[in-house]
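Commentary on secondary and tertiary structure
One-letter residues, chain by chain:
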Amino acid sequence: MNYRTADSLRSVTLDDVRGARKTLSGVARVTALEGSRYLSRLVGAPVHLKCENLQRTGSFKLRGAYVRIAGLLPEERAAGVVAASAGNHAQGVALASSLLGVHATVFMPQGAPLPKVSATRDYGAEVRLHGQVVDETLAAAEEYAARTGAVFIHPFDHPDVIAGQGTVGLEILEQCPEVRTIVVGMGGGGLAAGIAVAVKALRPDVRIVGVQAEGAACYPPSLAAGHPVSLRNPATMADGIRVGRPGAVPFGIVGELVDEVRTVSEDELSAALLLCLERAKLVVEPAGASPVAALLAAPESFGGPVVAVLSGGNVDPVLMQRVLRHGMAAQGRYLAVRLRLTDRPGALATLLGVLSAADANVLDVSHVRTDPRLGLTEAEVELHLETKGPAHCAELGRALRDAGYTVIA
C-alpha cells in the first residue's frame, strides 16, 4: 500500500508546529528541563536534559500521534486508525485514539516486550501480534488499512506527526532561551525534523545534532546519496531508533536543517543509560539515552548551553538488567573472569579470599568440577565481579596471577 498523498509529502512550517501546540494543549505535558552537573563539567558548559521520558505514555510519540489523528476528517475517524510499532508509537497512538474517541488497531511484533503490549492494550487499542520484525508488522498494518479503510498512522513520515514532535523544540527555546546546541536521537527522523523546523525558524544560530546507533545508522549513507537508502539488517539495543530507512518527509527536512548526524556504539549507549540512572535518577531507554551517549563520546565538540533530548523511558526490565550490566562492563565496573584452580577442599574459599582482599564484590560464581576439558585434579570457576573501574580490573588481574591462578578469560 502507498499511504503517501500530496498532503503527506508537503513540507512542515513553524506555523504548523505552533498549530500543533494548540492542538496538544491539555493533552501533552510540558516536560521538565533538568540540569546535569556531571555532563556540564564534562562538556565545559551548561548541559540540560529535556525529559520526554516523563511524557504521557513515556515518550514524545504522543505528540505526533495526537496531532495526526486530531486532524482526520469525521469519515476518516469513523473508519478507525491502524499503526505498527514495537512500543512507543503503539502507546502514543493508543492513548491519542482513546482521548479522541477513535478505534485503534495496533500491530506489534510477536516478540514485543510484554510491558509494552500490556500498556498499549491498557490505553485502549486492539493489539494484534504479527511478524518477528517491525518490517513484517508494518506490512500487516498496511494490508489491514487497505482492506478495511482504516487510516494508517505512520510513526514519523507525515507532516502532522513531524509538526507534533516539533512542539518539543518550542518548549526547549522557552525553557532555555540561551541554548546553542540541541542533541536529539534519530531513527526515521521525525523528532529531529520537527525540532529543527521549530528551532531554526526562530533561532537559526542554534546547532542541531542528530544521533543514531552505529548498527542502525540509515541517515549518513542516505544523506551522502542524496535520497533515502535502506539498510539491510539494522541492529541495535536501541529499538526506539532501530529504523532501516529514513522517512521521505523528515529526510528532506533533516538534510536542509539538521547540522550534523553522529553515530554512537552499543557500549556508549549502555554507559549513557547507566549515567542517566545513577547521576540524573532518570529511567531512560537506550534510544532516549543516545544524545547523552554522544556527549560522553566527544564532550569537547559541543558548544553550550546544550540541551539533550531524552526521547523515551519505556525500557523492558529484562533489557534494562542486561544493558546496565553491559554499561558497567563498558565503564570497567563489571568484570567476568574464568580461571582454573586445584580441586581440593577450601580452594574456592581461598580464591574468594584473594578477591575480598582486593576489594572486589562477587556477584555470581559458577563452579565446574566435571568436564572433559579439565584434568583429574582441576576445577574451573567463572566469576562475575563488580569493580571500581579499569584500574581496579587490572589490579584484580594482577592479584589473581600473583596468587598463582591461571586466568583463562
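As the structure is a computational prediction, the values presented were derived from the model and not from experiment.

1. A closer look at the overall build of the chain
Assigned secondary structure in the chain consists of 16 helices and 14 strands. The C-alpha atoms of the chain give a radius of gyration of 24 Å, which matches the 22 Å a tight globule of 409 residues would have. With respect to the principal axes defined by its C-alpha atoms, the chain has extents near 80 × 50 × 40 Å. Here the chain, with 409 residues, has 55% of them falling under the buried criterion.

2. Here we look at the sheet that holds strand β5 (residues 126-129)
The strand order β5-β4-β3-β6 describes an open sheet built from four strands, whose pairing is parallel. At either margin of the open sheet sits one strand with a lone partner, and together these are β5 and β6 (151-152). The pairing of strand β4 (residues 104-108) with β5 spans four bridges and is parallel. In the sheet register, Val106 faces β5, and the bridge partner there is Val127.

3. As for the pattern of salt bridges
Two side chains with opposite charge may pair up if their charged atoms get near one another. For the structure shown, the criterion picks out eleven salt bridges. The closest approach of N and O atoms between Asp205 and Arg203, which form a salt bridge, is 2.9 Å. On the accessibility criterion, Asp205 (53% relative accessible area) is exposed. Between Glu260 and Arg207 there is a salt bridge, with the nearest N and O atoms lying 3.0 Å from each other. On the criterion of sequence distance, the pair formed by Glu260 in strand β9 (residues 260-264) and Arg207 in strand β8 (residues 207-213) is long-range, its members being 53 residues apart.

4. What to know about the nonpolar core
Counting residues in each nonpolar core, the largest one holds 63 residues, and the members touching the most others are Ile69, Val81, Val93, Ile182, Ile195 and Val309. The greatest single-element share of this core, amounting to eight residues, is contributed by helix α9 (residues 190-202).

5. Brief notes about the sheet that holds β8
Read from one edge to the other, the open sheet built from six strands follows the order β1-β2-β10-β7-β8-β9, with strand pairing classed as mixed. The outermost strands of the open sheet, each flanked by one partner alone, are β1 (33-35) and β9. With strand direction ignored, the average angle separating the axes of adjacent strands in the sheet is 25 degrees. Taken together, the five bridges between β8 and β9 define a ladder with parallel strand orientation. Bridge pairing in β9 places Val209 opposite Glu260.

6. Here we look at the side chain of Thr120
Among the secondary structure elements, Thr120 is positioned in helix α6 (residues 114-122). What Thr120 contacts, discounting residues up to four positions off in sequence, is Gly87, Ala90, Gln91, Ala94, Val106, Met108, Ala125 and Val127.

7. Points about the packing of aromatic side chains
Inspection of every chain in the model, using the stated rule, returns two aromatic pairs. The interplanar angle of 25 degrees and the centroid separation of 6.1 Å between the aromatic rings of Tyr219 and Phe251 together place this pair among those described as stacked. Separated by 32 residues along the polypeptide, Tyr219 in helix α10 (residues 219-225) and Phe251 in helix α11 (residues 248-257) bring together distant segments of the chain. Residue classification places Phe251 among the buried positions, given a relative accessible area of 11%. Over the aromatic face of Phe302 sits the side chain of Arg262, whose NZ or CZ is 4.4 Å from the ring centroid.

8. Considering a positive patch on the surface
There is a patch of like positive charges on the surface, built from Arg37, Arg41, Arg279 and Lys281. Inspection of the secondary structure assignment puts Arg279 in the loop between α12 (266-278) and α13 (290-297).

9. Comments concerning the environment of Ser311
Within the secondary structure layout, Ser311 lies in the loop between β10 (306-310) and α14 (317-330). Note: C-alpha distance between Ser311 and Gly288 (23 residues apart in sequence) is 4.4 Å. Once residues lying within four places of it in the same chain are set aside, the contact partners of Ser311 are Glu52, Asn53, Gly58, Ser59, Phe60, Leu191, Ala287 and Gly288.

10. Here we look at the side chain of Thr137
Secondary-structure assignment places Thr137 in helix α7 (residues 134-148). A distance of 2.8 Å separates a polar atom in the side chain of Thr137 from the backbone oxygen of His130. Filtering out sequence-adjacent residues up to four positions away, Thr137 remains in contact with Ala84, Phe107, Met108, Pro109 and His130.

11. What about the pairing of strand β7 (residues 181-185)?
Consecutive side chains of a regular strand alternate in pointing toward one face of the sheet and then the other. Most of β7 sits inside the fold, with five of its five residues counted as buried. Neither face of β7 is exposed, since Thr181, Val183 and Gly185 on one face and Ile182 and Val184 on the opposite face are all buried. Sheet topology note: the β7/β8 ladder contains five bridges and is parallel. When the sheet's bridge partners are listed, Thr181 is paired in β8 with Arg207. The β-α-β motif built from β7, the intervening α9 and the parallel element β8 has right-handed crossover chirality.

12. Re the confidence of the model for the chain
Residues of the chain with pLDDT of at least 70 account for 93%, and the chain-wide mean is 89. Considering only residues more than four positions removed or in separate chains, one finds that residues 1-6, a stretch of pLDDT under 50, has eleven contacts.

13. Describing unusual backbone geometry
The peptide bond linking Gly304 to Pro305 adopts the cis configuration, its omega dihedral lying at 5 degrees. Take Pro305: it is sitting in the loop between α13 and β10. Phi angles above zero are rare outside glycine, and Thr57 is one such case at about 70 degrees. With respect to the secondary-structure elements, Thr57 resides in the loop between β2 (47-51) and α3 (61-70). The phi dihedral of Asp359 falls on the positive side, at around 65 degrees, and the residue is not glycine. What makes Asp359 partly exposed here is its relative accessible area of 45%.

Rules behind the numbers
- Residues numbered from 1 in each chain as written.
- Predicted model: local features only at pLDDT ≥ 70, side-chain atom pairs only at ≥ 80, totals over all residues.
- Heavy atoms only, no water.
- Helix = DSSP H or I, 4+ residues; strand = E, 2+ residues; numbered from the N terminus.
- Rg over C-alpha atoms; globule rule 2.2 N^0.38 Å.
- Buried < 20%, exposed > 50% of the residue type's maximum accessible area, 1.4 Å probe, protein only.
- Pairing = 2+ DSSP bridges.
- Salt bridge = Lys/Arg side-chain N within 4 Å of Asp/Glu carboxyl O.
- Core = buried A, V, L, I, M, F, W, Y, C linked by side-chain atoms within 4.5 Å.
- Axes fitted to C-alpha atoms, helices over the stretch in contact; angles between N-to-C directions.
- Contact = heavy atoms within 4.5 Å.
- Phe/Tyr/Trp six-rings, centres within 6.5 Å; stacked < 30°, edge-to-face > 60°.
- Lys NZ or Arg CZ within 6 Å of the ring centre and 35° of its normal.
- Patch = residues over 30% accessible without salt bridge, like charges linked within 9 Å, V, L, I, M, F, W, Y side chains within 5 Å.
- Areas by Shrake-Rupley, 256 points an atom, 1.4 Å probe, with all protein chains shown as cover.
- Lys, Arg positive; Asp, Glu negative; His and termini not counted.
- Charge placed at Lys NZ, Arg CZ, Asp CG, Glu CD.
- Polar contact = N/O pair within 3.5 Å; in protein donor to acceptor, adjacent residues only side chain to side chain.
- Right-handed = clockwise from strand over helix to strand, strands pointing away.
- pLDDT = per-residue confidence, 0-100.

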